[in-house]
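Given next are the chains, with one letter for each unit.
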Amino acid sequence: MEQTLFYIMATVIVIATIFAISEKHPVHAIVYLVTSFFALAVVFYLLAAPLIAMFEVIIYAGAVMVLFMFVIMMLDQGSPEDAERPPLMHYLPALVLTGITLVSLVLLLTNRSPVAAAAVAPRLVSVKEFAITLFNQYGVAIEIISMQLLFAIVGVLYLGRRRKP
Amino acid sequence: MIVPLTHLLILASILFALGLLCVLIWRSNVIMMLIGIEIMLNAAMLVFVAGSNHWGMADGQVFALMIMAMTSAEVSLALAMVVYLHRRKKTVNVDEFRELRDQ
Amino acid sequence: MKTALELIILLPFLGAIGNILLGRFLPRRVVEITACSVIWGSFFAALYALDTYSAPAVVEVGAWLTSFDLKVPISFCLDPLALSLCLMITFVCGLIHLYSIGYMRDDPGHVRFFALLNLFVGAMLVLVLAENLPLLYLGWEGVGFCSYALIGFWYKEVKNATAGRKAFIVTRIGDIGLAIAIVWIFKVFGTLSITEVNRMGQLVPMEVITALGLLLLLAAMGKSAQAPLMVWLPDAMAGPTPVSAQIHAATMVTAGVYLLMRMFPLIGVSAVVTGAIAVTGAFTAFYAATCALAERDLKRILAYSTISQIGFMMLAVGCGAITAATFHLIVHAFFKALLFLGAGCIITALHHEQDIFRMGGLRRALPGVFWPFLAGALCLAGVPPTGGFFSKDSILTAVWAKGGMFYGALYLVAMFAVFLTAVYTFRMLFVVFGDRLAANSLEPDLHGPVKPLPGIMKIILIPLALLGLVSGIFNLPAYLGNGLLQSFLAPLNAEGGHLSHATELGLQSVAAIVALSGLAVAWWYFGRQRRAMRIARAAQPPTGVTAFLQAGWYVDNLYSLLFIRPYKRLSSILWERIDEGVIDDSLDRMAVQLGRTGQGLGRWGSGRVSAYMLSLACGATLMVGWFAWVVL
């Protein structure tokens, strides 16, 4: 049952993402992406990480994507139907490069010796355990991340300040 | 473990490749490039969470959280910059913004 | 003794350094007095050394080069040979310095001139007194450098600068021989001290000694202008006349002969080497005498006569007659300095006219120059009983004493050279000083009135003339009492046959007759009435033998054909084909290619974010792809 759910979700993720990147209308692309992120959240939940699944929905699908939507609507880009798809010249090298990368990665993964055999039994990582790990071992990383957020706030305030006419 | 780790990693690879494709294709639209970057970051998160699940450790999830925090900072800054640049040049085509180049 | 030696060496150098550093700020008179007084001081120090001299002494003044087993201290060796040469050099050079005061009266470069002249003397004294070969080489090169700078003293004319360069380059060929010989001697003997090396001659095989001797001979050929490296000396006349006098009489050209005399205990045991030295000397004496016969430039005649006389000295060395060589060297220094200084007077008086066929009547116009010049000419021609006669005769006697076919032939050649010497000397004398015929319209008064000479230039000639005439007493032949030099230099001579007084007297009379017959021939050709005819004929371009001799047997042209032109062609090939064509061109092309590559790469950094993205993706793909390729 869980396995079936995972494969379904994987299919949804891939298809939604493909739609998202091939859509020339940014708002539609965002909607497809949100779909993909919801499916990814389900996968996270299946992987016994409910906290991350929750954050995925709240932060990604909620905050970040709404921010995108907000900005797209703020910018006056004219009629989206008139927007052109990128020319073929842009597609070709991108496809080739991505194809090579993907094939190499898949080959590497499938050819791997089965280290995974020694996997421990799956167990739920509780929020408590997560928190202990986070604040015991990665205190410095938290500090750095918070600094980064502070810088981002300062930068955004600077960029968005009202200029004198 | 519901599915083999390899399958998860392949899914992440596909996701990453799609993100890369998005960035490379949408050169004329900086918003779509940012979306591609989000997709790639999500692929990375998927790898971390899968690893965390595979070895039964919380560390992977911690990193996924950090990626999320970093992404939110990055996206807010990047979008602010997009707004700023759009205000100046009335376009979102990245190739139009090349003032940083040393003439 | 040590103080005297140090003074001999240091005074000229002090004068040179003082003049170089301070000369520009001092009045002219002070510079002249400094330059002359240091040389005379050096002379008196040498006199003092002679007074206190008892036995050969080696004096170490200080350390110079010391590394591992190479020990080269600054040490000087005072033996009879060095002492007699020192006295001669300082005395003659002192007179030449005094003369220069008059000669350079109007020249603005007098500071440079006197500084170089002092340096020249200093270098020569180092050469003469040096106890080890590197120090000798230092003096050797110092002399070479000073001669280069002084020959090209009036460097603003290209001709003079070229003559200086020619002297430097030709002598350098010989210097290579000396440098190789020094290194080889160190390799063979493990020491560079001249006295020690001379004592160790028996320890090495004869072939090595022969090779060393030939290398030293090459060095002497370059420095002493012997065949085949004699081409620089006639051109060296481009310098001021006192410089020519100093080069010819006292310092530069005697260095080669001195080197061979110094090393004679080592190289004298090889018959090949002594034979080669003797042949070189005899041939050069003959060659230069023939060239002087046809030359018309006063100074060049004297230059050829120097080459010829040095040839006689080499011949003496080749016969092992060190005394005779030294004797002739000293006497030659006196009369050659005299002749050159006299020539300087004549040339100055005639407003820098050097062609003898445009001179004449100077016997009455310049009596103060004529009489000393006549004395010098008598010495050069070897007319008895001048010093030149005795010294040249002692050489001829030594050659005769060697006996055998080989030396017999050399004796004949030398005798012929003596004859030629007398001829060309008096040809010069008659043409320069002989009376003009008032009626002869072919001899217009070319120069206007004779320019008055500074008194000092004429006064200097007198002591030199007296010395040239009476210097025979330094080394009288055995039948007139024992020679002064003979006993002084006794330990240096090779074993030679001793001749009876009768034979010696006979040989001397032969030499005297030959010299006098040369004089007679010169009179026959250039005396009184015929002089005008010869002058008239000389106006036409030379033909046949005369042209051949006047061009110095075309040796310069031969060298130009054999060495200089192939060398130039080779250099032009190396320059245009190899250097410009291959090396420069390939570098140019590489640079252009790199520049293009750089421009191409520069286009990459266009500031377009999309291009950067694509490059990033390319790089990542390459890495992942390569990783997959390696792992799988």
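As shown above, the structure is provided for reference.
This write-up is about the structure you can find in this document. Here the structure is a predicted model, which means the values were calculated and not measured. (Residues numbered from 1 in each chain as written. Chains lettered and ligands numbered in written order. Predicted model: local features only at pLDDT ≥ 70, side-chain atom pairs only at ≥ 80, totals over all residues. Heavy atoms only, no water.)

**Some words on the interface of chain A and chain C**
Contact with chain A, which involves 8 residues of that partner, is made by 10 residues of chain C. Here chain A packs against chain C, burying approximately 760 Å² in sum over the two surfaces, 89% of which is carbon and sulfur. When the buried surface of chain A facing chain C is broken down by residue, L97, S104 and L108 of chain A rank first, second and third, together holding 59% of it. Linking chain A with chain C are 0 salt bridges, by the criterion used here. (Contact = heavy atoms within 4.5 Å. Buried area = accessible area lost by both parts, 1.4 Å probe. Salt bridge = Lys/Arg side-chain N within 4 Å of Asp/Glu carboxyl O.)

**Some words on the environment of W400 of chain C**
Considering the arrangement of structural elements, one finds W400 of chain C in helix α18 (residues 387-402). For the pair W400 of chain C and Y411 of chain C, spaced 11 residues apart in the sequence, the C-alpha separation amounts to 6.3 Å. (Helix = DSSP H or I, 4+ residues; strand = E, 2+ residues; numbered from the N terminus.)

**Side note on the pattern of salt bridges**
All names here are of chain C. Scanning all chains against the criterion turns up 11 salt bridges over all chains. Between E141 and R172 there is a salt bridge, with its nearest N and O atoms 2.6 Å apart. With E141 in helix α5 (residues 133-151) and R172 in helix α6 (residues 158-189), this residue pair connects regions lying 31 residues apart in the sequence. Among the residues examined, E141 registers a relative accessible area of 18% and is labelled buried. Of the residues examined, R172 reaches a relative accessible area of 30% and is grouped as partly exposed. Residue E295 is joined to R300 by a salt bridge in which the shortest nitrogen-to-oxygen separation is 3.7 Å. Several salt bridges share partner residues, and in doing so they unite K166, D235, E295, R300 and D556 into one network. (Buried < 20%, exposed > 50% of the residue type's maximum accessible area, 1.4 Å probe, protein only.)

**Here we look at the interface of chain A and chain B**
Contacts between the two partners involve 79 residues from chain A, matched on the other side by 66 residues from chain B. Between chain A and chain B lies a buried interface of about 6,700 Å² when both sides are counted; carbon and sulfur atoms form 78% of it. Counting every contact that joins chain A to chain B gives 0 salt bridges. At the boundary of chain A with chain B, the tally comes to 7 residue pairs in polar contact (both at pLDDT 80 or more). (Polar contact = N/O pair within 3.5 Å; in protein donor to acceptor, adjacent residues only side chain to side chain.)

**Things to note about the packing of helix α17 (residues 367-381) of chain C against helix α20 (residues 455-470) of chain C**
Residue and element names in this part refer to chain C. Following both chains from N to C, one finds α17 and α20 inclined at 30°, their axes separated by 9 Å at the closest point. Between α17 and α20, the angle is such that the two are roughly parallel. In this structure, the crossing between α17 and α20 has a hand that is left-handed. Contact with α17, carried on its side by G368, V369, P372, A375 and C379, involves K458, L461, A465, G468 and L469 of α20 and no other residues of that element. When grouped by side-chain class, the residues that make up the contact of α17 with α20 number 7 nonpolar, 2 polar and 1 charged. (Axes fitted to C-alpha atoms, helices over the stretch in contact; angles between N-to-C directions. Parallel < 35°, antiparallel > 145°, perpendicular 65-115°, else oblique. Left-handed = near helix turned anticlockwise from the far one by under 90°. Nonpolar A, V, L, I, M, F, W, Y, C, P; charged D, E, K, R; others polar.)

**Let's talk about the packing of aromatic side chains**
For the structure shown, the criterion picks out 32 aromatic pairs over all chains. Relative to F63 of chain B, the ring of Y138 of chain A lies with its centre 5.3 Å away and its plane at 75°, an arrangement referred to as edge-to-face. Note that Y138 of chain A is positioned in the loop between α5 (127-137) and α6 (139-159) and F63 of chain B in helix α3 (residues 59-89), a pairing that runs across two chains. Accessibility expressed as a relative area gives 17% for Y138 of chain A, which makes it buried. What makes F63 of chain B partly exposed here is its relative accessible area of 32%. (Phe/Tyr/Trp six-rings, centres within 6.5 Å; stacked < 30°, edge-to-face > 60°.)

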